[in-house]
Amino acid sequence: MAANGASCEQPQKRAGPRDKQNGTSPDLSSRERRQRDKEERLSLVLWRRPVVTLRYFLLETLVKLKELTFELWHRRGTVFIFLSLCFLFSITYSTDGSHQTYVQYLEKKFLWCAYWVGLGILSSVGLGTGLHTFLLYLGPHIASVTLAAYECGSTDFPEPPYPDQIICPEDGGVEASISIFSIMSKVRLEACMWGAGTAIGELPPYFMARAARQSGTDPDDEDYEEFEEMLEQAEGAQDVVTRAKLGVQHMVQKVGFFGILACASIPNPLFDLAGITCGHFLVPFWTFFGATLIGKAIIKMHIQKLFVIITFSKHIVEQMVSLMGSVPKIGPSLQKPFSQYLEAQKNKLHHAGKSGPADENWLSWVFEKVVLAMVCYFVISIINSMAQSYAKRLQQLRHSEEKSK
């Protein structure tokens, strides 16, 4: 803890273009110019300027691909080793033998883990927004396993088809033998992989802020600019959001590992600020990532799993459905589709291979459309963010040309 505290107790002022120069603050015209440039970039969205936004998005994609190509060329030794390992694995994968049983098992587990890690990364990294994959994927998955466990009286779902499709085992089981802990154990792998993905997604802000602090240059990131402005105006902060951000920043800075662990262990929309804070104050990588990984992949995931499992336990679901019917006027109309949906799920669990009901439940239809809308919003936000990033490149180029004149 002494080392962590020492690493966090860095001076808050950094030498760079944004700090005071020759004892004077940046002039008002410079601040106005940055504000004007920011407003101009934020206006670059698909629903306002679709042609320019798509053009800038394509140009920024080409720039990123060029940068990635150069980066891979500089690390060509690592790339060669990686390609060699992939070649050896492909030979092993395509060669017949007794090892194929283990290869197929490892392939299935690897793809399953990679799927949930990828969803976790998407949840915390989105080039300006995140795809809320817990609400869209992991939460419904835990809920379906919970409902199936109580209906089947067992968590011994056969593989295959589980996890592609949950089907009750033929011998069945005793419902009384199902416990919350057995269901938590059933979904522990995917939940922890998702949590690990969210921890990995917190690394880009950390590395960006750390590189900016060490080099003394301004990073191309709006969140970091807001972080520095918040540090400059910390004394006069009055609004609740700013004070909450400052609270997270002070906890991470002063407490170190356990402060990061506390912030990562609870649902915290301000945790992005923790990554920037740790990078800015040069907190060691393993102190930040270790605490984030433990907090998100172990502590917070068990809390979220427990909440979902309790919410979708059989007796609670039945009580919720019965309470819906007691609502005046609209109660019966709401109760009917939920009852039909639960009954359809029970039939699907017990009658594998048989076709479901002809009429699709409107709850399933609504959920599919919500997922589709969220994915479309995620893609649109990435396009807007990359277009705005290219616009910032043009603004910086224009300002550097003006200074050189």
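Since we're looking at a predicted model, the values are computed, not measured.

Q: Is there a simple way to explain the overall build of the chain in this structure?
A: Summing up its helical and strand segments, the chain has 17 helices and zero strands in all. Relative to its 405 residues, the chain shows a buried fraction of 36%. Expressed as a percentage of contacts within the chain between residues at least 6 apart in sequence, the contacts between residues at least 24 apart total 74%. Just so you have it, the chain exposes about 24,100 Å², and 64% of that area is on carbon and sulfur atoms.

Q: Would you mind going over a nonpolar patch on the surface with me for this structure?
A: On the surface, Phe80, Ile81, Leu85, Phe87, Leu88 and Ile91 cluster together to form a nonpolar patch covering roughly 650 Å² of accessible area. Take Leu88: it is sitting in helix H4 (residues 76-94).

Q: How do you make sense of the environment of Leu147 when you look at a structure like this?
A: Mapped onto the secondary structure, Leu147 falls in helix H6 (residues 133-152). When its relative accessible area of 25% is taken as the criterion, Leu147 is described as partly exposed. Here the alpha-carbon distance between Leu147 and Ser313, two residues 166 residues apart in the chain, equals 6.7 Å.

Q: Would you explain the pattern of salt bridges in this entry?
A: Where charged atoms from two side chains of opposite charge come close, those side chains can pair. One pass over the full model with this rule turns up six salt bridges. Note that Glu202 and Lys296 form a salt bridge whose closest N and O atoms lie 3.9 Å from each other. With Glu202 in the loop between helix H8 (188-201) and helix H9 (203-215) and Lys296 in helix H14 (residues 285-311), this pair connects stretches of sequence that are 94 residues apart. Take Glu202: its relative accessible area is 4%, and that puts it in the buried class. Connected through shared salt-bridge partners, Glu60, Lys64, Glu67 and Arg393 make up one network.

Q: So what exactly am I meant to see when it comes to the confidence of the model for the chain here?
A: Interpretation of the predicted coordinates at a detailed level should be avoided for regions scoring low in pLDDT. Predicted confidence across the chain gives a mean pLDDT of 76, with 72% of residues reaching 70 or more. Note on residues 1-26: pLDDT under 50 across the span, and 50 contacts to partners over four residues away in sequence or across chains. Within the model, pLDDT remains below 50 along residues 352-359, and this stretch shows two contacts once partners closer than five positions in the same chain are excluded.

Q: How should the side chain of Lys296 be read in this particular structure?
A: Of the residues examined, Lys296 reaches a relative accessible area of 6% and is grouped as buried. Apart from the residues within four sequence positions on either side, Lys296 is in contact with Gly195, Thr198, Ala199, Glu202, Ala264, Phe271 and Met301.

Q: Could you clarify how one ought to interpret the packing of aromatic side chains in this entry?
A: Centre distance and the angle of the planes are the two values used to describe a pair of aromatic rings. Inspection of the entire model under this criterion finds 14 aromatic pairs. Here Tyr206 and Phe207 contribute two aromatic rings whose centre-to-centre distance is 5.4 Å and whose plane-to-plane angle is 70°, an arrangement assigned as edge-to-face. Exposure remark for Tyr206: the relative accessible area of 1% places this residue in the buried category. Among the aromatic residues, those joined into a ring-pair cluster are Tyr206, Phe207, Phe285, Trp286, Phe288 and Phe289. One residue, Arg76, lies across the ring of Trp73, its end atom 4.5 Å from the ring centre.

Q: For this particular structure, what's the right way to read the nonpolar core?
A: Where a protein is soluble and globular, its nonpolar side chains tend to be buried together. Ranked by internal contacts, the top residues of the largest apolar core, which has 24 residues, are Leu138, Ile183 and Trp194. When residues of this core are traced back to their parent elements, those giving at least two are helix H5 (100-124), H6, helix H7 (180-186), H8 and H14. When residues of this core are assigned to their parent elements, the largest contribution, nine residues, is made by H6. Residues in contact with Trp194, not counting those within four places in the same chain, are Trp116, Leu119, Gly120, Ser123, Thr133, Phe134, Leu138, Met301 and Gln304.

Q: How should the packing of H5 against H6 be read in this particular structure?
A: At a minimum axis distance of 9 Å, the contact between H5 and H6 shows a crossing angle of 145°. Taking contact as the criterion, the partners of Trp112, Tyr115, Trp116, Leu119, Gly120, Leu122 and Ser123 in H5 are, on H6, Thr133, Tyr137, Leu138 and His141. Taken together, the residues of the contact of H5 with H6 sort by class into seven nonpolar, four polar and no charged.

Q: Before we go on, may I ask you to explain the packing of H4 against H5 in this structure?
A: In a packed pair of helices, the relevant descriptors are the angle between the two axes and the axis-to-axis distance. Their axes nearest at 9 Å, the elements H4 and H5 cross at an angle of 125°. Comparing their axes, H5 and H4 come out oblique. On the side of H4, the interface is formed by Thr92, Tyr93 and Ser94, while H5 contributes Gln100, Val103 and Glu107. The residue inventory of the contact of H4 with H5, partitioned by class, reads two nonpolar, three polar and one charged.

Q: Any chance you could explain the environment of Ala149 here in plain terms?
A: Within the fold, Ala149 resides in helix H6. When its relative accessible area of 0% is taken as the criterion, Ala149 is described as buried. In this structure the C-alpha to C-alpha distance between Ala149 and Ser179, which are 30 residues apart in sequence, comes to 9.1 Å. In this structure Ala149 touches Ser154, Thr155, Phe157, Ile178 and Ile183, once residues within four positions along its chain are discounted.

Q: Help me understand H6, please; the structure alone is not making it clear to me.
A: Compared with the 28 Å implied by 1.5 Å per residue over 20 residues, the 27 Å span of H6 between its first and last C-alpha is a close match. Helix geometry: H6 is bent most strongly at Gly139, by close to 30°, with proline Pro140 lying one to four residues after it. Of all 20 residues making up H6, 14 are buried, and the element is well covered by its neighbours. Immediately downstream of H6, the backbone of Gly153 shows phi near 70°, a positive value.

Q: Whenever I open this one, the environment of Phe157 confuses me. Can you help?
A: For Phe157, the location among the structural elements is in the loop between H6 and H7. Classification of Phe157 by relative accessible area gives buried; the value is 2%. Counting along the chain gives 13 residues from Phe157 to Glu170, while the straight-line C-alpha distance between them is 9.6 Å.

Q: Please clarify how the state of the cysteines should be interpreted in this entry.
A: Each disulfide consists of one covalent bond between the sulfur atoms belonging to two cysteines. Tallied over the entire structure, the rule returns zero disulfides. The thiol of Cys263 is unpaired, and the distance to the nearest cysteine sulfur, on Cys278, comes to 8.7 Å. Overall, Cys278 belongs to the buried group, its relative accessible area being 0%.

Analysis parameters
- Residues numbered from 1 in each chain as written.
- Predicted model: local features only at pLDDT ≥ 70, side-chain atom pairs only at ≥ 80, totals over all residues.
- Heavy atoms only, no water.
- Helix = DSSP H or I, 4+ residues; strand = E, 2+ residues; numbered from the N terminus.
- Buried < 20%, exposed > 50% of the residue type's maximum accessible area, 1.4 Å probe, protein only.
- Contact = heavy atoms within 4.5 Å.
- Areas by Shrake-Rupley, 256 points an atom, 1.4 Å probe, with all protein chains shown as cover.
- Patch = residues over 30% accessible without salt bridge, like charges linked within 9 Å, V, L, I, M, F, W, Y side chains within 5 Å.
- Salt bridge = Lys/Arg side-chain N within 4 Å of Asp/Glu carboxyl O.
- pLDDT = per-residue confidence, 0-100.
- Phe/Tyr/Trp six-rings, centres within 6.5 Å; stacked < 30°, edge-to-face > 60°.
- Lys NZ or Arg CZ within 6 Å of the ring centre and 35° of its normal.
- Core = buried A, V, L, I, M, F, W, Y, C linked by side-chain atoms within 4.5 Å.
- Axes fitted to C-alpha atoms, helices over the stretch in contact; angles between N-to-C directions.
- Nonpolar A, V, L, I, M, F, W, Y, C, P; charged D, E, K, R; others polar.
- Parallel < 35°, antiparallel > 145°, perpendicular 65-115°, else oblique.
- Expected span 1.5 Å × (residues − 1).
- Bend = angle between axes of the 7 residues up to and from the residue.
- Disulfide = S-S within 2.5 Å.

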